[in-house]
Amino acid sequence: MKDFLTVADYSPETLQALLDSAVQLKEEWKSGGNKPIFKDKVLAMIFQKPSLRTRVSFDMAMRHFGGDALYLSPAEIGLGKRESIADVARVVSGYVDAIMARVFDHAHVEELAKWASIPVINGLSDYNHPCQAMADALTIYEEFGKMKGLNVSYVGDGNNVAVSLMHVCAKLGANFTIGNPVGYDMPASAIELGKQLATESGSTITLLNDAREAVKNAHVIYTDTWTSMGQEEETKKRQQAFPPYQVNEALVAGAEDNVIVMHCLPAHRGEEITNEVADGPHSRLFPQAHNRLHAQKAILVKLIGPSGS
Ligand code: CP
Ligand code: NVA
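Residues numbered from 1 in each chain as written. Chains lettered and ligands numbered in written order. Predicted model: local features only at pLDDT ≥ 70, side-chain atom pairs only at ≥ 80, totals over all residues. Heavy atoms only, no water.

Undergrad: Give me the lowdown on the overall build of the protein, citing residues and values where you can.
TA: Check the secondary structure of the protein and you find 13 helices and nine strands. Taking 2.2 N^0.38 as the reference for a compact globule, 309 residues should give roughly 19 Å; the C-alpha atoms of the protein span a radius of gyration of 19 Å, in line with that estimate. The buried share of the protein, reckoned over its 309 residues, is 57%. Of the contacts made within the protein by residues no fewer than 6 positions apart, 76% connect residues no fewer than 24 positions apart. Charged side chains in the protein number 29 positive and 37 negative. The centres of these two groups are separated by 3 Å. (Helix = DSSP H or I, 4+ residues; strand = E, 2+ residues; numbered from the N terminus. Rg over C-alpha atoms; globule rule 2.2 N^0.38 Å. Buried < 20%, exposed > 50% of the residue type's maximum accessible area, 1.4 Å probe, protein only. Contact = heavy atoms within 4.5 Å. Lys, Arg positive; Asp, Glu negative; His and termini not counted. Charge placed at Lys NZ, Arg CZ, Asp CG, Glu CD.)

Undergrad: Mind laying out the side chain of Asn 160, listing which residues take part and the relevant values?
TA: Inspection of the secondary structure puts Asn 160 in helix α7 (residues 160–172). At a separation of 3.1 Å, a polar atom in the side chain of Asn 160 contacts the main-chain carbonyl oxygen of Ser 125. (Polar contact = N/O pair within 3.5 Å; in protein donor to acceptor, adjacent residues only side chain to side chain.)

Undergrad: Could you give an account of the sheet that holds strand β5 (residues 151–155), naming the residues involved and the relevant values?
TA: If you trace the five strands from one edge of the open sheet to the other, you get β7-β6-β5-β8-β9, paired in parallel fashion. The sheet is open, and its two borders are formed by β7 (205–208) and β9 (260–263), each paired with just one other strand. The mean inter-strand angle of the sheet, taken between neighbouring strand axes irrespective of direction, is 20 degrees. The pairing of β5 with strand β8 (residues 220–223) spans three bridges and is classified as parallel. Considered in β8, the bridge of Val 152 is made with Val 220. Sheet strands in contact with helix α6 (residues 130–144) are β5, β8 and β9, and its direction is about 165 degrees off that of β9. (Pairing = 2+ DSSP bridges. Axes fitted to C-alpha atoms, helices over the stretch in contact; angles between N-to-C directions.)

Undergrad: Which residues make up the site of ligand 2, and what values do they have?
TA: Leu 124, Asn 159, Asn 160, Val 161, Asp 224, Thr 225, Ser 228, Met 229 and Leu 265 make up every residue found near ligand 2. Measuring from a nitrogen atom of ligand 2, one finds a side-chain N or O atom of Ser 228 at 2.7 Å. In this structure, an oxygen atom belonging to ligand 2 sits 2.8 Å away from a main-chain N or O atom of Met 229. The fraction of the free accessible surface of ligand 2 (270 Å²) that becomes covered by protein chains is 95%. Judged by its atoms lying within 2 Å of the grid points, ligand 2 is housed in the largest pocket. Of the residues that constitute the shell around ligand 2, the class distribution is four nonpolar, four polar and one charged. (Near = heavy atom within 4 Å. Areas by Shrake-Rupley, 256 points an atom, 1.4 Å probe, with all protein chains shown as cover. 1 Å grid on protein atoms, 1.4 Å probe; cavity = no way out; pocket = protein on both sides within 12 Å on 5 of 7 lines; lining within 4 Å. Sits in = over half its atoms within 2 Å of the grid points. Nonpolar A, V, L, I, M, F, W, Y, C, P; charged D, E, K, R; others polar.)

Undergrad: Go over the pairing of strand β3 (residues 98–102), please, and point to the residues and values.
TA: Extensive coverage of β3 is indicated by the burial of five of its five residues. Residues Ala 98, Met 100 and Arg 102 point to one face of β3 and Ile 99 and Ala 101 to the other, with burial holding for every one of them. Two strands pair when backbone bridges link them, and strand β1 (residues 42–47) and β3 are joined in this way by five bridges, in the parallel orientation. Residue Phe 47 lies in a different strand from β3, and its bridge partner there is Arg 102. Judged from the three bridges that link them, β3 and strand β4 (residues 120–122) form a sheet pairing that is parallel. What sits directly across from Ile 99, in β4, is Val 120. In this fold, the crossover linking β3 to β4 by way of helix α5 (residues 106–115) has right-handed handedness. (Right-handed = clockwise from strand over helix to strand, strands pointing away.)

Given below as structure tokens:
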């Protein structure tokens, strides 16, 4: 596999191996630092949207391995506008060792991967966010020592983060439930794929429109912004539809006693999550954000590390 565009492309065994590698690389980094295996290697980071976590964690991952990263802003690249995606892919392939791209249209990261001769990593599209899902799985795995048999409940918008979380859960045997407002479902094709993956791993996908019902028996409650990047003109409408889906103390009380609360961040405190929950005892928001670094190191090592992909 040359690229990392969706977790659904990878076998459960490979995803588990990535998690094991992330645990090991995290340990190595904590006890003195990672080996300089990427000396002279450079990652090009193409961003069509803003970012804190994705940009900084990929940049630091490369530095920790002795490599480097280039930030290419929307204004500089003009992906598909100033220059065709196919031409950008072929030009950049001659300069650097891998591309990480954050795009609006998922087809654009697929197009980059098609034309690039080097690995392409999806750093978020309107369809999914697989690097986030790997950090999420790592956080859950560290907390519970497994994914299989856990109940992961996502409350809120059926967006890119929900899709990748559903797919990683279905791959690794966790039961995934979503509670979203009517009209804010995940794409039908993503759900169909999730159900197929869940059947293969012996887990379940449950689709609900009630937040309280969705978090019953949950070991993990997950939420994300009500308005994703690119949907800003819908903000007002969404602010009317989503308040019953807020992750607050009353909602968390309806889950398992040892439930953990997750959010990919950035958080809109007072909207999809309250301060009390975000900063409370069940919250794993910051360890989860920090795990982006470690999960992405494992992805980079797999794609451009000494043994290749
Ligand atoms: N969670 C996440 O991808 O954050 P950024 O948008 O800041 O990269
Ligand atoms: N669903 C959000 C995730 C941000 C990391 C968005 O796409 O804006």
